[in-house]
Amino acid sequence: MSFKRRQLTNSEYESQESDSDSDSEDWKATSHFTPPGPAVCFDESQSGVQRPLPFPTEAECFKLFLTEELVGEIVEETNRYALELQEKREPGVRGKLAKWVTTTISEMYTFLVTVLLMGIVKKNSLREYWSTDPMFATPFFASLFSQDRFLVLLRCLHFVNNATAILSDPLHKIRNVLISLTSAFGRVFVPYKDLCIDESLMLWKGRLAFRQYIPSKRHRFGVKFFVMCDVKTGFVQDIIVYTGSTTDIKHYEGLGVSGSVVMTMLAPHLSKGHTLYVDIWYSSPTLFQHLLSNSTGACGTVRSNRKGMPAFGCGKMQRGEVEFQENSQQLAVKWHDKRDVHVLSTVHTATMSATGKVDHLTGERKIKPDCVLDYNLKMGAVDKADMINSFVECTRKTNKWYKKIFFHLIDTAVLNSSIVHRQLAELLEEHHTPRRPSTGGRPAADNPLRLTARHFPCKVPQTSSQGSRTRRHCKVCLSGARRSKQRKMTKYMCLACDTPLCISPCFEEYHMLKHY
């Protein structure tokens with residue numbers, strides 16, 4: 001199989017910033033380094049979802065990113081492309097396109113939801129979703145679309161006017177959608193202090209000028225994305241599609257391609273006191289000093305031969321040994337685990353901390369440099385987002401690369417929607433004040449406590465005005481939906497719920513069934 005390798009190889013990237021004869025005269029060994037850190041203290045009060053209450057539904061969270069305006073543009077271009085395909089069809093040839101009916105915004109939302117459901121209900125082919133075989137049938141899909149209508153919508157799905165597209169842009173087929181979604185990501189959510197940038201690879205084995213081959217990745221072949229995530233929540237903050245020399249980044253002199261990627265993605269967040277975590281491909285003393293001058297801290301693994309790195313001791317280190325060097329602004333660490341690990345940081349001290357694990361050979365507690373512990377904890381946000389998407393991804397095999405990128409972006413929008421909804425739910429729980437129990441009128445909403453806590457029946461307490469036990473109307477008999485309602489009196493109740501109930505079967509139904 002022939003394939004096109006990346007236009008700039010790792011060695012070419014390294015040549016922009018690496019130098020085996022590193023300048024190390026400013027570095028010195030240390031054991032008590034305290035970093036100056038960013039000049040600005042991070043203000044977390046502005047972080048999180050930028051949307052006021054009332055609390056939105058899951059669908060409304062999704063529409064924060066896939067807005068009706070964007071879907072309207074997709075509908076317009078899909079209808080235009082369907083007419084173009086009809087004009088190209090040979091006279092007398094019938095097919096699904098002959099029955100084309102103009103699509104609408106509502107139908108397009110339904111189509112996208114159907115595609116997302118297919119990521120949950122997985123089958124070998126699209127036609128199996130409309131199978132009438134009793135063993136494989138899923139009638140719900142047929143209730144949304146006929147098979148022919150779904151397939152013709154998938155075929156005609158389009159995002160740009162071919163007559164006015166800028167053909168010199170490698171992403172002109174998907175550019176409008178990419179800009180709209182990434183802008184919405186930044187508009188809806190302001191990240192917390194810690195950020196990370198890493199690469200992601202979307203499987204693609206077809207012909208494509210900017211297809212990449214990365215043997216360390218699971219898929220190996222595909223479209224490469226640079227992704228920036230908020231560490232605390234996992235929210236995908238920004239995405240850049242790698243297209244070789246035409247990648248949509250601003251080039252910074254002296255930082256190379258990798259540093260320019262970082263500065264482009266961090267541009268809206270500089271001078272706010274953030275801390276960035278990156279891997280070995282991005283890290284360099286030059287980049288970290290540039291970030292520090294913009295009140296942004298950084299930490300990451302680094303190549304020992306990066307230009308500006310100190311010269312560590314050349315002797316072989318034993319497992320667990322560490323060497324710290326500093327230049328008053330940055331901390332460089334060489335630590336030996338299974339092999340030598342080099343870490344660069346502008347936010348960590350030259351200290352070691354316990355990992356909470358014990359070495360079973362020596363019985364001693366394992367310790368690691370603080371920067372290594374933080375890096376291991378906070379660097380995996382992009383990989384975690386990829387893992388979550390892999391479980392329910394809606395991307396399917398297609399001959400059109402831009403459609404696969406579109407569905408990949410939809411998966412990312414769904415992930416971000418779930419994070420936004422969860423964040424708002426946590427905010428509601430934090431500030432919600434429970435209502436006092438209703439003393440009359442229509443029944444209040446169910447209290448989830450009745451389904452979770454421990455409950456025991458007791459007799460309705462005697463009132464001071466009556467000599468006999470008081471009876472009250474059973475709540476299940478009076479308002480239940482499983483059988484005809486009746487006004488039945490009972491002398492028993494649940495003390496925890498303060499609810500009168502017949503001892504059998506109402507007591508059990510009330511505490512075991514959500515819809516009694």
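Being a predicted model, the structure only gives us computed values, none of them experimental.

Conventions used here
Residues numbered from 1 in each chain as written. Predicted model: local features only at pLDDT ≥ 70, side-chain atom pairs only at ≥ 80, totals over all residues. Heavy atoms only, no water. Helix = DSSP H or I, 4+ residues; strand = E, 2+ residues; numbered from the N terminus. Buried < 20%, exposed > 50% of the residue type's maximum accessible area, 1.4 Å probe, protein only. Patch = residues over 30% accessible without salt bridge, like charges linked within 9 Å, V, L, I, M, F, W, Y side chains within 5 Å. Areas by Shrake-Rupley, 256 points an atom, 1.4 Å probe, with all protein chains shown as cover. Salt bridge = Lys/Arg side-chain N within 4 Å of Asp/Glu carboxyl O. Pairing = 2+ DSSP bridges. Phe/Tyr/Trp six-rings, centres within 6.5 Å; stacked < 30°, edge-to-face > 60°. Lys NZ or Arg CZ within 6 Å of the ring centre and 35° of its normal. Polar contact = N/O pair within 3.5 Å; in protein donor to acceptor, adjacent residues only side chain to side chain. Contact = heavy atoms within 4.5 Å.

Visitor: Outline the overall build of the protein, listing residues and values.
Guide: Per the secondary structure count, the protein includes 15 helices and 19 strands. When the 516 residues of the protein are sorted by exposure, 45% land in the buried category.

Visitor: An account of a nonpolar patch on the surface is needed here, citing residue identities and associated values.
Guide: Judged by side-chain polarity, Ile120, Val121, Met387, Ile388, Phe391 and Val392 come together as a nonpolar surface patch covering roughly 530 Å² of accessible area. Of the residues forming the nonpolar patch, the biggest block, 4 residues, is contributed by helix α11 (residues 381-392). Mapping Phe391 onto the fold places it in helix α11. For Phe391, a relative accessible area of 56% translates into the label exposed.

Visitor: How would you explain the pairing of strand β7 (residues 236-241) if you had to name every residue and give the values?
Guide: Within β7, 6 of the 6 residues are buried, which leaves it mostly tucked inside the rest of the structure. Note: strand β6 (residues 221-230) against β7, 5 bridges, orientation antiparallel. Within the sheet, the bridge partner assigned to Val227 lies in β7 and is Ile239. Here β6 folds back onto β7 in antiparallel fashion, the turn holding 5 residues, of which Gly234 has a positive phi close to 85 degrees.

Visitor: Pulling in residues and values, what's your account of the packing of aromatic side chains?
Guide: According to the stated counting rule, one finds 20 aromatic pairs in the structure shown. With centroids separated by 4.8 Å and ring planes inclined at 85 degrees, the aromatic side chains of Trp281 and Tyr282 adopt a geometry described as edge-to-face. Here Trp281 falls in the buried class, since its relative accessible area comes to 6%. Taken together through their ring pairs, the aromatic side chains of Phe159, Phe210, Trp401, Tyr402, Phe406 and Phe407 make up a single cluster. Geometry around Trp100 places Arg149 over its ring, the cationic atom sitting 4.8 Å from the centre. Directly above the ring of Tyr192 sits Lys232, whose terminal nitrogen or CZ lies 4.2 Å from the centroid.

Visitor: Could you give me a rundown of the side chain of His172, with the residues and numbers involved?
Guide: Looking at the element boundaries, His172 is found in the loop between α6 (147-156) and α7 (175-188). What makes His172 buried here is its relative accessible area of 17%. Within the structure, the side chain of His172 is placed 2.8 Å from the backbone oxygen of Asp169, a separation counted as a polar contact. If we ignore the near neighbours within four places in the chain, the residues touching His172 are Val160, Ala165, Ile166 and Leu167.

Everything listed here is a matter of geometry and, on its own, says nothing about what the molecule does.
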